[in-house]
Every structure is written in structure tokens, then in C-alpha cells.
Amino acid sequence: MNMTVYIAGNWKMNNSPNETEDFMTNLGQFNIDAKSYGLDNSIKAIVCPSSIALERASDKKPAWLELGAQDSYFEESGAYTGEVSPSMLKDFGVKYVIVGHSERRNIFGEVNEDINKKVKKILELDMIPILCVGENDTEREQGITFPVIEIQIKKALWGIDKNELNRIIIAYEPVWAIGTGKAATPEDAEEVGSYIKEVLANIDQRNGEAVPVLYGGSVNPDNIAGFVNMGNIDGALVGGKSVKSDSFVELIKKVSEII
Ligand code: PGA
């Protein structure tokens, strides 16, 4: 079993500021004893709200819940209409930033070069990038999952100091599994998780091995334990089933039963 298990909720474009406040208020009603659930040291629970709901989340969240953002631009300030800078996120107490989610890549045309700049900037500001990688359906059918992921990782991490490597989290999110209800099997996730750790260890043995690898794609309270039980999967990045407080709490409970 891994030392720390991450349960990170990617809310995507869900939960307005008011709904975010309701989420936090409802969490209070579950009477979560952080210590008995392992939330004081063995489980890290994170939510990534929309950037306009971050302030409310930060004000209302319980101490055991950490904050992440879903994206960030790579410039600090300037004429970039519609964008949010990493230091603006940091102001709200954001500790993690999702980078390179497949929705950003596929819907908004983000490319590896953008992702690389974002990773660098987030590290520079002492936040932790959660770098998403994963193959699509066609790539999987063609049997090129490993090379696709290796290229995504190497391009995203290009030029990063090897000593910074252990401050990154990787989320393996096969595109065909996201929001489809068709999760990968824990064994498949483990195989790719182990490959990702190999790629990272080849960049730098000591720091590469320390990088947590999460699985994402149709994770729910019934299947999360299967993934987390795998030696090379250190947690989950959860979309749909993280948006409502009851199901988010269920994810935590299911993991706390097996750690
Ligand atoms: P999902 O999304 O859990 O709804 O499949 C996961 C993600 O996109 O991070």
C-alpha cells in the first residue's frame, strides 16, 4: 500500500460559487473525523473547483480538504483576455493545478508546448502540477499507448530541473474512459502506472520514483479501492463522482477502509 493516497476531485464546469458553498456545508454534516479517515496523513483529499468558485471554497472548506485549480495560464499578468494566472490562483490558497487535461487538449487546442510552460510556471510558484496524460481510443487500438504517454510526459517536463521532478503528480487518464462510465481495469491502470514510473525513473531515478501517479476516468465509490490497491497507482483524479458531497465523501470512506 502506498504511503499517501490522493483523492482529487476535478469538478470541471460544475458547482457555481453558491453550490460550492453548499458542498462545503454538506461536508460538515458528514461529521468527518479527519484522523479516523486517515485525512490527517495517509489520504490527501483535494477539490478543484472552477476558478470563480475558488474564493468561496477557500473560505468554507474544512481544514483537511486541499484546493486545486483546473488550469492556469503560464504568464503572470498582461493582455491575456479570459485567462487566470498562477499567482492569482495561489492567492486563494490553491496548492495543486491540473495541467493538460484531455478536455483542455481536445476542446481548447492546448498543445504539449503550452503544457510545458504551464508546468514550469506552476513549479516556479511552489504549487504542484497534476499533469494529465493518456491515450485516446484509436491510439489504444493501435497499441501505441506507451509511446503516446512517454511523449506527452517528456514534452511536458522538457527542461525541468531533475530535482523538481518529485514535486509533480501525474494523472493517467485514458481519454476513452473519461466521463464514459467505462473505466480502465485496475490491472490496465497498473500496467500504465508502472510504465509511467519507469519513464520518470529514466529521467531521474531517485526523484522520478517519488512521483505519485493517479488514475482517472470513470472512477466512482465502487471501483476506487481497486485502483488504489495497485502498487503503482497512488490515488484517483475523479470527475463526475466528485461534484456532489455525498459521493465525494463515499470515495474517501472507501479508500479509508483499505489503507
Ligand atoms: P470522470 O472524469 O471521472 O467524470 O470520468 C475524470 C477526469 O476528467 O478527470
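Residues numbered from 1 in each chain as written. Predicted model: local features only at pLDDT ≥ 70, side-chain atom pairs only at ≥ 80, totals over all residues. Heavy atoms only, no water.

**Description of the overall build of the protein**
Right, so step 1: When helices and strands are counted, the protein shows 11 helices and eight strands.
Right, so step 2: For a compact globule of 259 residues, the expected C-alpha radius of gyration is about 18 Å, and the protein comes in at 17 Å, within 12% of that figure.
Right, so step 3: Viewed in the frame of its principal axes, the protein has a C-alpha envelope of about 45 × 45 × 35 Å.
Right, so step 4: Out of the 259 residues belonging to the protein, those deemed buried represent 53%.
Right, so step 5: Considering only intrachain contacts with a sequence separation of at least 6, the fraction spanning at least 24 residues in the protein is 73%.
Right, so step 6: Approximately 11700 Å² of the protein is accessible, and the part contributed by carbon and sulfur atoms is 47%.
Right, so step 7: Once the 26 positive and 39 negative side-chain charges of the protein are each reduced to a mean point, those two points are 2 Å apart. (Helix = DSSP H or I, 4+ residues; strand = E, 2+ residues; numbered from the N terminus. Rg over C-alpha atoms; globule rule 2.2 N^0.38 Å. Buried < 20%, exposed > 50% of the residue type's maximum accessible area, 1.4 Å probe, protein only. Contact = heavy atoms within 4.5 Å. Areas by Shrake-Rupley, 256 points an atom, 1.4 Å probe, with all protein chains shown as cover. Lys, Arg positive; Asp, Glu negative; His and termini not counted. Charge placed at Lys NZ, Arg CZ, Asp CG, Glu CD.)

**Some details on helix α1 (residues 17-29)**
Right, so step 1: For α1, spanning 13 residues, the distance from its first C-alpha to its last is 19 Å, which sits close to the expected 18 Å at 1.5 Å a residue.
Right, so step 2: Listing the buried residues of α1 in full gives Pro17, Thr20, Phe23, Met24 and Leu27. End-on view of α1: buried residues confined to an arc of 110°, all on one side of the axis.
Right, so step 3: At its buried positions, α1 is contacted by β2 (43-48), α2 (54-60), β3 (65-69) and α11 (245-256). (Expected span 1.5 Å × (residues − 1). Arc of directions from axis to C-beta.)

**Comments concerning the sheet that holds β2**
The strands making up a sheet are joined through hydrogen bonds of the backbone, oriented either antiparallel or parallel.
Right, so step 1: Strands sit in the order β1-β2-β3-β4-β5-β6-β7-β8 around a closed barrel of eight strands; the barrel is parallel. Looking at each pair of strands side by side, their axes are set apart by 25° on average, direction ignored.
Right, so step 2: Sheet contacts for α11: β1 (5-10), β2, β3 and β8 (235-238); angle to β2, the most-contacted strand, approximately 160°. (Pairing = 2+ DSSP bridges. Axes fitted to C-alpha atoms, helices over the stretch in contact; angles between N-to-C directions.)

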